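An overview of the molecular structure
Read off the chains here:
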Amino acid sequence: MSESAPSTIAADSVVGIHYTLKNGAGDVIDSSSGDEPLVYLHGHENIVPGLERKLTGRTVGDKLAVVVQPGGSVGDEKVVERADELGIAMVFTGERHFLH
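Let me begin by describing the structure that accompanies this report. Please read these numbers as outputs of a predicted model, since none were measured by experiment. (Residues numbered from 1 in each chain as written. Predicted model: local features only at pLDDT ≥ 70, side-chain atom pairs only at ≥ 80, totals over all residues. Heavy atoms only, no water.)

1. Remarks on the overall build of the chain
To keep things clear, this is the line we draw: Only DSSP runs of H or I reaching four residues or more are called helices, and only runs of E reaching two or more are called strands; each is numbered from the N terminus. Using a 1.4 Å probe on the protein chains alone, a residue whose accessible area is under 20% of its type maximum counts as buried, one over 50% counts as exposed, and one in between counts as partly exposed. Should any heavy atoms of two residues lie within 4.5 Å, those residues are considered in contact. All accessibility values rest on the Shrake-Rupley procedure with a 1.4 Å probe; residue burial counts only the protein chains present in the view.
Counting secondary structure elements, the chain contains two helices and six strands. Helices and strands appear in the chain in the N-to-C order β-β-β-β-α-β-α-β. Counting every position in the chain, which comprises 100 residues, the buried fraction comes to 25%. Sequence-distant contacts in the chain: of pairs separated by 6 or more residues, those separated by 24 or more amount to 58%. Of the roughly 7100 Å² of accessible surface on the chain, 53% is carried by carbon and sulfur atoms.

Laid out in structure tokens, this is it:
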């Protein structure tokens, strides 16, 4: 019985990732640790575009640290709109951290 090579992430792949999201100070904002992985369809802008680009070509078991610039993220307009509704001031630091 032969083992198949790990799948490579490409357009139309169903991908599951564990992640830890940190702010510029290194504080954990969100994480999938102890939970199910984030599952998405690759190549269809279902996650932050910069992260999606960095995951393209990766294989099962790969680990990486990615810094993604703010803006152009999925749902940015909705975040700004909701912050306005709640009277929350938003400060963009110029970076987002995704550790995988």
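2. A word on the nonpolar core
In plain terms, the rule: Take the buried residues of types Ala, Val, Leu, Ile, Met, Phe, Trp, Tyr and Cys, join any two whose side-chain atoms come within 4.5 Å, and each joined set is a nonpolar core.
Counting 11 residues, the largest nonpolar core consists of Ile9, Val15, Ile17, Tyr40, Ile47, Val48, Leu51, Leu55, Leu64, Val66 and Val68. Secondary structure elements with two or more residues in this core: β1 (14-17), α1 (49-55) and β5 (65-68).

3. Comments concerning the side chain of serine 13
Secondary-structure assignment places serine 13 in the segment before β1. Its relative accessible area of 18% is what places serine 13 among the buried residues.

4. Examining the environment of alanine 11
Structurally, alanine 11 is set in the segment before β1. We classify alanine 11 as exposed; its relative accessible area is 57%. Sequence-wise, alanine 11 and glycine 57 are 46 residues apart; in three dimensions their C-alpha atoms are separated by 9.7 Å.

5. Quick word on the layout of surface pockets
Rule in force here: In this analysis, the protein atoms alone were mapped onto a 1 Å grid. Cavities are point sets where a 1.4 Å probe fits without being able to get out; pockets are open sets with protein on both sides within 12 Å along at least five of seven lines; lining residues have an atom within 4 Å of a point. Grid points are joined across faces, edges and corners, and a volume is the space filled by probe spheres set on the points. Three classes are used: nonpolar for Ala, Val, Leu, Ile, Met, Phe, Trp, Tyr, Cys and Pro, charged for Asp, Glu, Lys and Arg, and polar for all others, with Gly counted as polar.
Computed from the structure, the second largest pocket encloses a volume of approximately 420 Å³. Counting residues per element, the lining of the second largest pocket draws most heavily on β1, at four residues. Residue composition of the lining of the second largest pocket, grouped by class: 10 nonpolar, 12 polar and three charged.

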